[in-house]
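Understanding the architecture of this molecule
Listed below are the residues making up each chain.
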Amino acid sequence: MAKKNNIIQKIVDWKVILGIQVLASIVLIALFFKLNALPMLYIGAVIVLVAILCLITFLLMKPSKKKGAGKARNIAGKIISIILSAALLFGSLSVAKGDSVIGKITGANSETTRISVIVMKDSIFKNIEDLKGQTIEASDTSSENMQKAIADLKSKVDNIEIQNVDNFVQLADDLYDGKTNAIYIDEGYSSMFEDSHENFSNETRVLYTYEITKEVQDFSKDVNVTNEVFNVFISGIDTTGPVSTVSRSDVNMIVTVNPKTKQILMTSIPRDYYVTLANKGKKDKLTHAGLGGVENSVKTLENFLGIDINYYARVNFTSLIKMVDALGGIDVESPVAFTTMHGGYHIKKGTNHLNGDEALGFVRERYGLANGDNDRVKNQQRVLTAMLEKMMSPAVITNYSKVLDSIAGSFETNMSSSEITSLLKMQLNDMAKWDIMQIQLSGTGKQMTGGAYMPNNRLYYMIPDQDSVNECVSLIKKMDAGEKISISE
């Protein structure tokens, strides 16, 4: 019993308690240095603060030479020190989490191909084993990725046969018409089925998915992001699985950042824009450039616009719901009232406070808007602007953990972690207000055949308006040259 009491006395000794507080303080400061996102002024202030707190608790806990004197003060000092140590450790965990998330989303160097077995939603086949002895359809079966996927499927399902179909649209038609019970396809291409079956994703379901992940070379064009103008390609995909999944790019935006003039220019390009794809050398919808990977989208836009794109960032818009909800919702200005197809939400003219699912409906809608895809890209810009403004406001601090959780897994960029933290440090250092401007390329819709990926199918394309292209490129190049620009409404 005496030994147990002796251990307890050692644990509650003021020197032990103060030592824990000092150690927790050192860990927090070390993590701030590792994160490297705070200006030295801020880190210096943290060091001074924790030093003062350690001194105060030391003075409170240090036993008095006079017997019986200051006992209450000593106890209070120990309690305060324990509370401070807990707070410091919690702060350390938060900083470590931020460092971990930045590490996960930056330096993107991989892409994932997802090949899935898809059936109609009301199909009798409930799991992959139910396809035993069946013949299903696939396309591009001679490709390396499909060969791997077919071998994997055959190792899991006895006596399954794969029949090759050259035409993607025929695959979907055969599934809808009951000519095949299932199709085995690259999910990146499955989104193209929506051109002929608008509700394909809602009317079908995935039985099984085989993933192939490979490393890709870094193709960023590095600059000093706190002193030089840089362009970022924002690619918004709408798919399940990791954000590195090869898929159509449904949102295509060039964000030009001038860290000296504190200007940001968002240039949106409609997904159906009729442009020459870098990997095909033929024209098709811009969204189809994403099927060749994000680098192909970047090269396609560099060739089309005649500019250099330094970095890219990919956002999974399926995760937009989680990101907006983590921010506590966003306030978006809509110039018109409409009802969204996704969710049936009523958007009023003026300010709308949107939660995640409402924001997703807002950025997806085009059929209820007078100018279709031209208006949709403007709404995408409005949502992204609202999210940026919320993220740069003090309100984000109260939802810090949720925001980090929402970003991880739904966002990636080939910017390095040091470039991201440099921007954060710059913003914290000057707390500048940014001038965010929005422009978009426009065009005229037209039904045509001959696209690079689906040459025999009559699809909707948007023919670029060259005047709008010239105007937008001129503004990007002015910013690239370091000029401060203005946009008349």
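Some details on unusual backbone geometry
Peptide bonds are trans in most cases, and residues, glycine excluded, mostly fall at negative phi. Notably, Asp 140 is not glycine yet its phi reads approximately 55 degrees, a positive angle. Phi at Met 431 takes a positive value of approximately 45 degrees, unusual for a residue other than glycine. Along the chain, Met 431 falls in the loop between α14 (417–430) and β17 (435–440). Looking at Met 431, the relative accessible area reads 55%, which means it is exposed.

Some details on the side chain of Ser 143
Within the element layout of this structure, Ser 143 appears in the loop between β2 (135–138) and α5 (144–156). Within polar-contact distance, the side chain of Ser 143 engages the backbone nitrogen of Met 146 at 3.3 Å.

Quick look at the confidence of the model for the chain
With 94% of its residues at a pLDDT of at least 70, the chain reaches an overall mean of 89. No element of the chain has a lower mean pLDDT than helix α1 (residues 2–11), at 51, and none a higher one than strand β9 (residues 274–276), at 98.

Some remarks on the side chain of Asn 252
Summarising the element assignment, Asn 252 is placed in strand β7 (residues 251–258). Within the structure, the side chain of Asn 252 is placed 2.8 Å from the side chain of Ser 249, a separation counted as a polar contact. Each residue touching Asn 252, except ones within four places of it in the same chain, is listed here: Phe 233, Ile 234, Thr 267, Ser 268, Ile 269, Arg 271 and Leu 286.

A word on the sheet that holds strand β1 (residues 110–120)
Spatially, the five strands line up as an open sheet ordered β3-β2-β4-β1-β5, and their pairing is mixed. The sheet is open, and its two edges are formed by β3 (161–164) and β5 (204–215), each paired on a single side. Sheet twist, expressed as the average angle between the axes of neighbouring strands with direction ignored, equals 25 degrees. Where β2 meets strand β4 (residues 183–186), two bridges bridge the pair, whose relative direction is parallel. Across the sheet, residue Glu 137 finds its bridge partner in β4, namely Ile 183.

Some points on helix α9 (residues 294–305)
The end-to-end C-alpha distance of α9, which contains 12 residues, comes to 17 Å, matching closely the 16 Å that a straight helix rising 1.5 Å per residue would cover. Within the span of α9, buried status applies to Val 294, Asn 296, Ser 297, Val 298, Thr 300, Leu 301, Glu 302 and Leu 305. Packing partners of the buried residues in α9 comprise β6 (230–237), β7, β9, β11 (311–316) and α15 (466–480). Trailing α9 by a residue or two, Gly 306 shows a phi angle of about 70 degrees, which is positive.

Some words on the nonpolar core
Within the largest apolar cluster, 51 residues are counted, with the highest numbers of intra-cluster contacts made by Ile 183, Phe 193, Phe 233, Ile 254, Leu 265 and Tyr 273. Contributions of two or more residues to this core are made by β1, α6 (168–177), β4, β9, α9, β17, β19 (459–464) and α15. Looking at this core, the element that brings in the most residues is α15, giving six residues. With residues up to four places along the chain from it excluded, the contact list for Ile 254 reads Asn 231, Val 232, Phe 233, Leu 265, Met 266, Thr 267, Ile 269, Leu 301, Leu 305, Ile 307 and Ile 309. Among the nonpolar cores identified, the runner-up in size contains 43 residues, and Phe 230, Ile 234, Met 323 and Leu 369 belong to it.

Thoughts on a nonpolar patch on the surface
Together, Phe 33, Met 40 and Ile 47 line one region of the surface with nonpolar side chains, adding up to about 290 Å² of accessible area. As for its placement among the helices and strands, Phe 33 is situated in helix α2 (residues 14–35).

Brief notes about the pairing of β11
For β11, the buried fraction is high: six of the six residues fall into the buried class. What you see with β11 is no split at all: Tyr 311, Ala 313 and Val 315 on one side and Tyr 312, Arg 314 and Asn 316 on the other are buried throughout. In this sheet, β11 lies alongside β6 in parallel orientation, the contact comprising six bridges. Residue pairing for β11: Phe 233 is matched across the bridge by Tyr 312. With three bridges joining them, β11 and strand β16 (residues 411–413) adopt antiparallel strand pairing. Pairing of Val 315 across the sheet is with Phe 411, part of β16.

What to know about the pattern of salt bridges
Scanning all chains against the criterion turns up 15 salt bridges. Taking the shortest distance from any N to any O, the salt bridge between Glu 302 and Lys 221 comes out at 2.8 Å. Remark: Lys 221 occurs in the loop between β5 and β6 and Glu 302 occurs in helix α9; sequence separation between them is 81 residues. Residue Asp 430 is joined to Lys 262 by a salt bridge in which the shortest nitrogen-to-oxygen separation is 2.9 Å. Within this pair, whereas Asp 430 is found in helix α14, its partner Lys 262 is found in the loop between β7 and β8 (263–268), the two being separated by 168 residues in sequence.

Calculation rules
- Residues numbered from 1 in each chain as written.
- Predicted model: local features only at pLDDT ≥ 70, side-chain atom pairs only at ≥ 80, totals over all residues.
- Heavy atoms only, no water.
- Helix = DSSP H or I, 4+ residues; strand = E, 2+ residues; numbered from the N terminus.
- Buried < 20%, exposed > 50% of the residue type's maximum accessible area, 1.4 Å probe, protein only.
- Polar contact = N/O pair within 3.5 Å; in protein donor to acceptor, adjacent residues only side chain to side chain.
- pLDDT = per-residue confidence, 0-100.
- Contact = heavy atoms within 4.5 Å.
- Pairing = 2+ DSSP bridges.
- Axes fitted to C-alpha atoms, helices over the stretch in contact; angles between N-to-C directions.
- Expected span 1.5 Å × (residues − 1).
- Core = buried A, V, L, I, M, F, W, Y, C linked by side-chain atoms within 4.5 Å.
- Patch = residues over 30% accessible without salt bridge, like charges linked within 9 Å, V, L, I, M, F, W, Y side chains within 5 Å.
- Areas by Shrake-Rupley, 256 points an atom, 1.4 Å probe, with all protein chains shown as cover.
- Salt bridge = Lys/Arg side-chain N within 4 Å of Asp/Glu carboxyl O.

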